[in-house]
Amino acid sequence: MGDRLRVLVVDDHPLFRFGVLTLLAAEPGIEVVGEAAGGAEAIEAAAALRPDVVVMDLHLPDLSGIQATRHIVTASPGTGVLMLTMADESESVFAAMRAGARGYLLKDAEPDEIIRAVQAVARREAIFGPDIANRVLGFFHQPPASEPVFPELTGREREVLSLIAAGHSNGFIASTLCLSPKTVRNHISNVFAKLHVADRAEAIVRAREAGLGGS
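Residues numbered from 1 in each chain as written. Predicted model: local features only at pLDDT ≥ 70, side-chain atom pairs only at ≥ 80, totals over all residues. Heavy atoms only, no water.

**Considerations on the nonpolar core**
If you look at the biggest cluster of nonpolar residues, it comprises 25 residues, and the most contacted ones within it are Val 10, Val 54, Met 56, Val 81, Met 83 and Tyr 104. Of all elements in the fold, only strand 1 (5-10), helix 2 (39-49), strand 3 (53-56), helix 3 (65-75), strand 4 (80-85), helix 4 (90-99) and strand 5 (103-106) reach the threshold of two or more residues within this core. Those residues in contact with Met 56 that sit more than four places away from it in its chain are Val 10, Ala 42, Gly 65, Ala 68, Thr 69, Ile 72, Val 81, Leu 82, Met 83 and Leu 84. (Core = buried A, V, L, I, M, F, W, Y, C linked by side-chain atoms within 4.5 Å. Buried < 20%, exposed > 50% of the residue type's maximum accessible area, 1.4 Å probe, protein only. Helix = DSSP H or I, 4+ residues; strand = E, 2+ residues; numbered from the N terminus. Contact = heavy atoms within 4.5 Å.)

Structure (structure tokens):
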């Protein structure tokens, strides 16, 4: 990273994109090196320009901002991505984080907040708007999920066992889970082996004792 931060701005709304470009270009320590109106264009521009920071909208006309972010940070891990979007749903925030974004701001953020966020992302810091930060903290303050019953089983094997405990036949299980009868039989064999039970009746007893199978 040089003396000035090299920034690429990605947004499909020309007026908003121009506003962000103008805001950032007026900051002495920032150089706007390019702009893009779509996800594919953003990926190409990032590869060619190697910006320090990409300011990325979430909703783009071709690839989503999340898809574009994943491509960009995979190809250039040193590039930081700041999401600047109207989308404030928790699912969007965490999807962006999983894709590799370092920051997430809403478009109604104050101009100085946007500038500070760009600078923070360039320093490899995580940055969120106040509402988003509270939501992220709330997520991590939730009590941990309880361990599933029979953790030695896979999720699919637990589904099969639950249906067995409810008294359903192999044919019903195959139809419900969209599996072949042979695959169902294989899952049942695995369940018996992992639970150390001899037959279906014993598996049903174990499952119902653990709360599977309903009433």
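**Things to note about the sheet that holds strand 5**
Backbone-to-backbone hydrogen bonds join strands into a sheet, with any given pair of strands oriented parallel or antiparallel. The strand order across the open sheet formed by six strands is 2-1-3-4-5-6, and the pairing between neighbours is parallel. Two strands lie at the open edges of the sheet, namely strand 2 (30-36) and strand 6 (127-128), each paired on one side alone. For strand 1 and strand 3, the ladder comprises four bridges, and the chain directions are parallel. For Val 10, the partnering residue across the bridge sits in strand 3 and is Met 56. Helix-sheet contacts for helix 1 (residues 14-25) involve strand 1, strand 2, strand 3 and strand 4, and the interaxial angle to strand 2 is about 165 degrees. (Pairing = 2+ DSSP bridges. Axes fitted to C-alpha atoms, helices over the stretch in contact; angles between N-to-C directions.)

**Side note on the environment of Ala 117**
Along the chain, the position of Ala 117 falls in helix 5 (residues 111-122). Relative accessible area serves as the criterion here: at 1%, Ala 117 is assigned to the buried category. The residues contacting Ala 117, other than those within four sequence positions of it, are Leu 82, Leu 105 and Ile 127.

**What to know about a negative patch on the surface**
Together, Asp 88, Glu 89, Glu 91, Asp 108, Glu 110 and Asp 131 give the surface a local cluster of negative charge. Here Glu 91 shows up in helix 4. Judged by its relative accessible area of 60%, Glu 91 is exposed. (Patch = residues over 30% accessible without salt bridge, like charges linked within 9 Å, V, L, I, M, F, W, Y side chains within 5 Å. Areas by Shrake-Rupley, 256 points an atom, 1.4 Å probe, with all protein chains shown as cover. Salt bridge = Lys/Arg side-chain N within 4 Å of Asp/Glu carboxyl O. Lys, Arg positive; Asp, Glu negative; His and termini not counted. Charge placed at Lys NZ, Arg CZ, Asp CG, Glu CD.)

**Re the packing of aromatic side chains**
This model, assessed by the stated rule, comprises zero aromatic pairs. Above the plane of the ring of Phe 16 lies Lys 107, whose end atom (NZ or CZ) is 4.4 Å from the centre. (Phe/Tyr/Trp six-rings, centres within 6.5 Å; stacked < 30°, edge-to-face > 60°. Lys NZ or Arg CZ within 6 Å of the ring centre and 35° of its normal.)

**Details of the domain arrangement of the protein**
Often, the extent of an interface is quoted as the loss of accessible area upon association of its parts. Taken domain by domain, the protein holds domain 1 (5-141) and domain 2 (155-207). Centre-to-centre separation of domain 1 and domain 2, based on C-alpha positions: 47 Å. (Domains from an automatic or database assignment.)

**Things to note about the pattern of salt bridges**
Under the criterion given, the structure shown has seven salt bridges. The partner of Glu 157 in a salt bridge is Lys 194, and the shortest N-O contact between them spans 2.9 Å. Of this pair, Glu 157 sits in helix 7 (residues 155-165) while Lys 194 is found in helix 9 (residues 181-195), placing the two residues 37 residues apart along the sequence. Residue classification places Glu 157 among the buried positions, given a relative accessible area of 3%.

**Quick look at helix 5**
A turn of α-helix holds 3.6 residues, and therefore any two residues three or four places apart point the same way. End to end, helix 5 covers 17 Å across 12 residues, agreeing with the expected 16 Å (1.5 Å per residue, within 8%). Those residues of helix 5 not exposed but buried are Glu 113, Ile 114, Ile 115, Ala 117, Val 118, Ala 120, Val 121 and Ala 122. At the exit of helix 5 stands Arg 124, carrying a positive phi of roughly 70 degrees. (Expected span 1.5 Å × (residues − 1).)

**Details of empty space enclosed by the protein**
For the coordinates displayed, the defined rule picks out one cavity of 30 Å³ or more. By volume, the largest cavity amounts to about 30 Å³. Lining the largest cavity are Val 9, Val 10, Asp 11, Phe 16, Val 20, Val 55, Met 56, Asp 57 and Leu 84. Secondary structure elements with two or more residues in the lining of the largest cavity: strand 1, helix 1 and strand 3. (1 Å grid on protein atoms, 1.4 Å probe; cavity = no way out; pocket = protein on both sides within 12 Å on 5 of 7 lines; lining within 4 Å. Points joined across faces, edges and corners; volume = space filled by probe spheres on them.)

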